[in-house]
Amino acid sequence: MPSPHENTPASALPPVRDREDIDPRGKTRDRSWPPAPEPLPYPVIDNHCHLDFADGDTQLSVQDHVDRAAAAGIDAQITIGSDLEAVRWTASLLAAPDCPSSLRGGVAVHPNEAALHARGHDHDGRGIVGLDAAIAEVSELLRGPGMVVVGETGLDWFRTSRKDEQAREAQISSFRAHIALAKELDLPLQIHDRDAHRDVLEILEADGAPERTVFHCFSGDAEFARRCADRGWYLSFAGTVTFKNATDLRAALAEVGLGQVMVETDAPFLTPVPYRGRPNSSYLIPLTMATIAETTGASLEEACRAVRATTQDVYGWPEAAAA
Ligand SMILES: [Zn+2]
């Protein structure tokens with residue numbers, strides 16, 4: 001299916017939507033951009049961000065995000081499109097002639113979106129295509145330029161109740177279709193697992209996990225981390241690992257060590273401490289990397305080197321950084 005913005009330059013692609021101004025606790029967020037942290041001693045890749053979202057009191061373009069990231073030692077980014085509008089936007093960005101060369105992407109029908117497609121209408125009651133049609137479009141666009149991963153897919157029993165039978169079935173069948181797609185296209189799979197560890201594990205085992213399976217924004221405890229690592233899967237840590245109350249998450253990281261660990265922002269969400277609630281972008285990864293290093297007992301440079309090597313193993317990209 002041809003993309004609606006096929007020949008739009010990347011620099012002219014406006015973000016698809018705004019992040020809300022009200023935080024989950026009902027407070028108005030501080031929308032100012034946090035200051036840039038000290039740059040990393042060795043470059044890493046942001047394994048998962050959403051460049052289709054606008055946030056902040058001043059608007060940053062895709063190129064601004066890329067430039068700020070590069071200055072902080074994040075020399076590549078993977079942007080994820082997780083509803084159909086974002087899926088098309090991501091495909092257009094990556095196909096644009098002036099797309100920054102450090103960007104790659106992935107697309108999928110997010111589990112919460114899968115539930116909406118199965119129902120046939122979005123949150124505002126507007127009609128949307130069925131789940132099969134949505135997955136078919138994802139499958140088509142994954143074959144386009146710059147796509148390196150199928151994701152994010154999985155199960156979300158937090159925002160969509162598992163007690164809603166239609167929603168549950170939709171999430172499960174969507175997850176299984178994406179697992180099959182990752183294998184068909186020989187691409188890694190990025191998993192969204194929210195309050196669903198046991199069911200995610202069960203489905204991966206029943207269907208057979210893709211060779212490169214990545215838990216985006218890993219949220220399990222030490223025991224679940226061990227089970228994932230033992231199966232050869234990868235754990236990608238977001239700003240949540242810096243949160244004061246994230247003791248279990250840091251225990252999970254300490255349990256598995258650096259061997260199968262990646263880093264991500266999930267920007268514009270999950271801004272690391274001390275800037276929680278403010279806009280997030282790849283340039284803030286040094287704050288998360290500092291916690292990853294501290295928790296695993298590595299120096300910051302050792303942690304960056306390990307995380308980068310793992311990202312390269314998973315995606316076969318980017319080229320090794322200059323020594
Ligand atoms: Zn995400």
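Rules of the game
Residues numbered from 1 in each chain as written. Predicted model: local features only at pLDDT ≥ 70, side-chain atom pairs only at ≥ 80, totals over all residues. UniProt positions renumbered as here; feature names shortened; annotations may be inferred. Helix = DSSP H or I, 4+ residues; strand = E, 2+ residues; numbered from the N terminus. Buried ≥ 20, exposed ≤ 12 C-beta atoms within 10 Å, placed from the backbone. Contact = placed C-beta atoms within 7 Å. Core = buried A, V, L, I, M, F, W, Y, C linked by C-beta atoms within 7 Å. Pairing = 2+ DSSP bridges. Axes fitted to C-alpha atoms, helices over the stretch in contact; angles between N-to-C directions. Left-handed = near helix turned anticlockwise from the far one by under 90°. Nonpolar A, V, L, I, M, F, W, Y, C, P; charged D, E, K, R; others polar.

Caption draft 1: Structural detail: the UniProt feature "binding site: a divalent metal cation 2" (unreviewed entry) in the protein. According to UniProt, the "binding site: a divalent metal cation 2" (unreviewed entry) feature falls on His192 and His216. What stands out for the annotated residues spanning 25 residues is how close their C-alpha atoms remain, the widest pair being 5.9 Å apart. Inspection of the secondary structure puts His192 in strand β7 (residues 189-194). For His192, a count of 26 C-beta atoms within 10 Å corresponds to the buried category. Ignoring sequence-local partners within four residues, the contact set of His192 consists of His110, Pro111, Glu152, Thr153, Gly154, Asp156 and His216. Here His216 lies in the loop between β8 (213-215) and α7 (222-230). Ignoring sequence-local partners within four residues, the contact set of His216 consists of His48, Gly151, Glu152, Gln190, Ile191, His192, Ser236 and Glu264.

Caption draft 2: Focus on the UniProt feature "binding site: a divalent metal cation 1" (unreviewed entry) in the protein. According to UniProt, the feature "binding site: a divalent metal cation 1" (unreviewed entry) maps to His48, His50, Glu152 and Asp266 in the numbering used here. Judged by maximum C-alpha separation, these annotated positions cover 219 residues in sequence but sit close together in space, the widest gap being only 10.9 Å. The topology assignment puts His48 in strand β2 (residues 44-49). Owing to 27 C-beta atoms within 10 Å, His48 belongs among the buried residues under this scheme. When near neighbours in sequence (up to four residues on either side) are disregarded, His48 contacts Ile78, Ile80, Gln190, His216, Ser236, Glu264 and Asp266. Assignment of secondary structure puts Glu152 in strand β6 (residues 147-156).

Caption draft 3: Geometry of the nonpolar core. Counting 89 residues, the largest nonpolar core has Val44, Val138 and Phe237 as its most contacted members. No other element matches the eight residues that helix α2 (residues 84-95) contributes to this core. Apart from residues no more than four positions distant in its own chain, Val138 is found in contact with Val87, Val107, Ala108 and Val109.

Caption draft 4: Summary view of the environment of Leu131. Relative to the elements of secondary structure, Leu131 occurs in helix α4 (residues 131-141). C-alpha separation for the pair Leu131 and Ala36, spaced 95 residues apart in sequence, amounts to 41 Å. With residues up to four places along the chain from it excluded, the contact list for Leu131 reads Ala114, His117, Ala118, Ala170 and Ser174.

Caption draft 5: Quick peek at the environment of Lys27. Secondary-structure assignment places Lys27 in the loop between β1 (17-18) and β2. With 250 residues separating them in the primary sequence, Lys27 and Gly277 have C-alpha atoms 9.8 Å apart.

Caption draft 6: Main features of the sheet that holds β7. Strand order in this open sheet of eight strands is β2-β4-β5-β6-β7-β8-β9-β10, and the pairing throughout is parallel. The outermost strands of the open sheet, each flanked by one partner alone, are β2 and β10 (261-263). Here the average twist between neighbouring strands, direction ignored, is 30°. As paired strands, β8 and strand β9 (residues 234-237) are joined by two bridges and run parallel to one another. Bridging from a neighbouring strand, Val214 pairs with Tyr234 of β9. Those strands touched by helix α1 (residues 62-71) are β2, β4 (74-81) and β5 (103-107), and its axis lies near 140° from that of β4. Across the sheet, helix α9 (residues 285-296) touches β2, β4, β9 and β10, and the angle it forms with β10 is around 155°.

Caption draft 7: How the structure looks around the packing of helix α3 (residues 111-119) against helix α5 (residues 165-185). Between α3 and α5, the shortest axis-to-axis distance is 8 Å and the interhelical angle comes to 115°. Here α3 runs over α5; the crossing is right-handed. Across from Pro111, Ala114, Ala115, Ala118 and Arg119 in α3, the residues of α5 making contact are Gln166, Ala167, Ala170, Gln171, Ser174 and Phe175. Classifying every residue of the contact of α3 with α5 gives seven nonpolar, three polar and one charged.

Caption draft 8: Looking closely at α3. Of all nine residues making up α3, seven are buried, and the element is well covered by its neighbours. Of all the positions in α3, only Pro111, Asn112, Glu113, Ala114, Ala115, Leu116 and His117 are classed as buried. At its buried positions, α3 is contacted by α4, β6, α5 and β7. Directly beyond the C-terminal end of α3, a positive phi value near 90° is found at Gly120.

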